[in-house]
Amino acid sequence: MEHQSVLQVIASSLPRIPDQDLPCYRLRVGKTGNRNATNFCAQVYRHDVQQPIIECPYTVFKMEISFGKLRWKIARRFSEFVELHARLKMLIEESMLPQLPPSTCFSATEPSFLFQRRLHLENYLKGVFMVDVLQDSVPLLVFLGVLSTTYFDHVALRSYRNQILHLQVLEFYTRPGDLILFNGRARVSILQRSMTRAEWDHVAIVIPSGEGGTLQLLEATGDGVTLTPLTARLLAYSAFHVRYFALRKLRTPLLSRAIVNDLLGRFTAEVEGLCYGLSIRKILRAGQVEQSRSQDSTYFCSELVAEAYQSLGIISRFSEANNFWPGSFSPGDFVDTELSRHGASLSPEIIIDCKLLEVATATKVKHSQF
């Protein structure tokens, strides 16, 4: 990739937009010994400790990256540094790499410790930038927010090719009733997938546009049954909480779009604000005659989506909603069978690429070095 435009290489794989000339910066990556080459620089200027409800505290390190006269900001967890180091070791001998600060058994949040870790991580990146052969390496460019490899990652991960849809155009291809499936990072998410032997640990449903014409996401989480803007919600999830998402589009030949919108709107009005609920009692009650909502006004994520589909008449009312798990909405599973009996179907999974290349936010400055 030496003496080539990284952004030009990326753009060459994307469909052209006719009659539009989009401005872009061209990054010329070269060897450190080349007088005309430019190298990356990084400054880890801040750390923020996050306190999620269902996960241990973790720290986000915020960095400013410079490349020539361009500067942009990125935020990464320590685990992402560890992943970068592991990928770089696959390219060169470990002895050629700088030493990464050691991991800790527990989440350390003491200010003095985090300050020292910031310095160590900054020195680590400086050391990586000094290795000539890594200047144009894919793992480094991905880490710095210059390159996205979502498509290739999923081919390797799932052993088959999925369609990829970028988050920025998601709302153009999404309709009310479509499903969003989640593969989360949290330990509880991993445990649930292990117990249910499924790829997905959370599911939500797209709801008709609210104010401003923005599609909404209806889901049951620890905050209860909530309604949030679709794109903004997925972007927030993707930052640190979810590994990847998939879209499954609902097809209802027997129901018009207006009817689907109306029925989902009514269902949302009934359930929004109710509490989240997944208990041993609810699990043991699965398969029994379902109690009325006056007796049980809590929802688990897949239970909520199942009842939404029941409100559309595409899942039988005799199928208890608390029998459904997020994995039930996988291709070929129980939900697909139920929908086919009622003249409806879900599309194959379409992977949602939430990787927003931070280099796109780059600004020009007068000085090229920190």
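The chain goes by PX domain-containing protein in an unreviewed UniProt entry, where it is assigned to Phytophthora cactorum.

K.L.:
Is there a simple way to think about the overall build of the chain in this case?
P.N.:
Helix and strand content of the chain: twelve helices and 15 strands. By residue count, 46% of the 370 residues in the chain fall in the buried class. Counting only contacts in the chain whose residues sit at least 6 apart along the sequence, the fraction spanning at least 24 positions is 66%. In the form shown here, the chain has an accessible surface area of approximately 19,800 Å², with 54% of it arising from carbon and sulfur atoms.

K.L.:
Any chance you could explain the packing of helix H9 (residues 257-271) against helix H11 (residues 301-312) here in plain terms?
P.N.:
Each pair of packed helices gets described by two things: the angle between the helix axes and the distance between those axes. With their axes 9 Å apart at the nearest point, H9 and H11 run at an angle of 135° to one another. Between H9 and H11, the angle falls in the class oblique. Like other packed secondary-structure pairs, H9 and H11 cross with a definite hand, here right-handed. Counted together, Val260, Leu263, Leu264, Phe267 and Val271 of H9 and Leu304, Glu307, Ala308, Ser311 and Leu312 of H11 form the full contact between these two elements. Here the residues of the contact of H9 with H11 sort into eight nonpolar, one polar and one charged.

K.L.:
What am I meant to see in the sheet that holds strand E15 (residues 363-364) here?
P.N.:
Sheet strands pair by backbone hydrogen bonding; their relative direction is either parallel or antiparallel. What the four strands build is an open sheet, ordered E1-E2-E3-E15; its pairing is antiparallel. Two strands in the sheet have a free side with no partner beyond their single neighbour: strand E1 (40-50) and E15. With two bridges joining them, strand E3 (residues 70-77) and E15 adopt antiparallel strand pairing. Paired with Leu70 across the strands is Lys364, a residue of E15. Against the sheet, helix H3 (residues 111-129) engages E1 and strand E2 (58-67), with an angle of about 155° to E1.

K.L.:
What should I look at first to understand the sheet that holds strand E8 (residues 224-229) in this one?
P.N.:
Ordered in space as E4-E14-E9-E5-E6-E7-E8, the seven strands form an open sheet in which the pairing is mixed. Each having just a single partner strand, strand E4 (163-166) and E8 make up the two edges of the open sheet. Strand-to-strand twist in this sheet, taken as the mean axis angle between neighbours without regard to direction, amounts to 30°. For strand E5 (residues 179-184) and strand E6 (residues 202-207), the ladder comprises four bridges, and the chain directions are antiparallel. Within the sheet, the bridge partner assigned to Leu179 lies in E6 and is Ile205. Sheet strands in contact with H9 are E6, strand E7 (216-221) and E8, and its direction is about 120° off that of E6.

K.L.:
How do you make sense of the packing of helix H2 (residues 78-89) against H3 when you look at a structure like this?
P.N.:
Orientation of H2 relative to H3, taken along the N-to-C sense of each, is 25°, at an axis distance of 12 Å. By the angle between their directions, the pair H2 and H3 is classed as roughly parallel. Two packed elements cross with a definite hand, and for H2 against H3 that hand is left-handed. In this structure, H2 uses Phe78, Phe81, Leu84, His85 and Leu88 to contact H3, whose residues at the interface are Arg117, Leu121, Tyr124, Leu125 and Val128. Per-class residue counts for the contact of H2 with H3 are eight nonpolar, one polar and one charged.

K.L.:
Looking at this model, I keep getting lost on unusual backbone geometry. Mind explaining?
P.N.:
Among all residues save glycine, negative phi is the norm, and among peptide bonds the norm is trans. The backbone of Arg197 sits at a positive phi, close to 55°, despite the residue not being glycine. In this structure, Arg197 sits in the loop between helix H7 (187-196) and E6.

K.L.:
Any chance you could explain the pattern of salt bridges here in plain terms?
P.N.:
Where charged atoms from two side chains of opposite charge approach closely, those side chains can pair. Counted according to the given criterion, the structure contains twelve salt bridges. In this structure, Lys126 and Glu122 form a salt bridge, with 3.4 Å as the shortest nitrogen-oxygen distance. With Lys126 and Glu122 both in helix H3, this residue pair falls four residues apart, about one helical turn. Residue Asp336 is joined to Arg248 by a salt bridge in which the shortest nitrogen-to-oxygen separation is 3.2 Å. In this pair, Asp336 sits in helix H12 (residues 334-341) while Arg248 sits in strand E9 (residues 242-248), placing the two residues 88 residues apart along the sequence. We classify Arg248 as buried; its relative accessible area is 1%.

K.L.:
Would you mind going over H9 with me for this structure?
P.N.:
For the α-helix, the turn length of 3.6 residues means that residues three or four positions removed from each other point alike. Counted at 1.5 Å a residue, the expected span for H9 with its 15 residues is 21 Å, and the 21 Å between its end C-alpha atoms agrees. Burial in H9 covers these residues: Val260, Leu264, Phe267, Thr268 and Val271. Down the axis of H9, the sector holding all buried residues measures 100°, keeping them to one side. Facing away from the buried side of H9, by more than 90 degrees, are the exposed residues Ala258, Arg266, Ala269 and Glu270. Looking one or two residues past H9, Gly273 carries a phi angle of roughly 95°, positive in sign.

Conventions adopted
Residues numbered from 1 in each chain as written. Predicted model: local features only at pLDDT ≥ 70, side-chain atom pairs only at ≥ 80, totals over all residues. Heavy atoms only, no water. Helix = DSSP H or I, 4+ residues; strand = E, 2+ residues; numbered from the N terminus. Buried < 20%, exposed > 50% of the residue type's maximum accessible area, 1.4 Å probe, protein only. Contact = heavy atoms within 4.5 Å. Areas by Shrake-Rupley, 256 points an atom, 1.4 Å probe, with all protein chains shown as cover. Axes fitted to C-alpha atoms, helices over the stretch in contact; angles between N-to-C directions. Parallel < 35°, antiparallel > 145°, perpendicular 65-115°, else oblique. Left-handed = near helix turned anticlockwise from the far one by under 90°. Nonpolar A, V, L, I, M, F, W, Y, C, P; charged D, E, K, R; others polar. Pairing = 2+ DSSP bridges. Salt bridge = Lys/Arg side-chain N within 4 Å of Asp/Glu carboxyl O. Expected span 1.5 Å × (residues − 1). Arc of directions from axis to C-beta.

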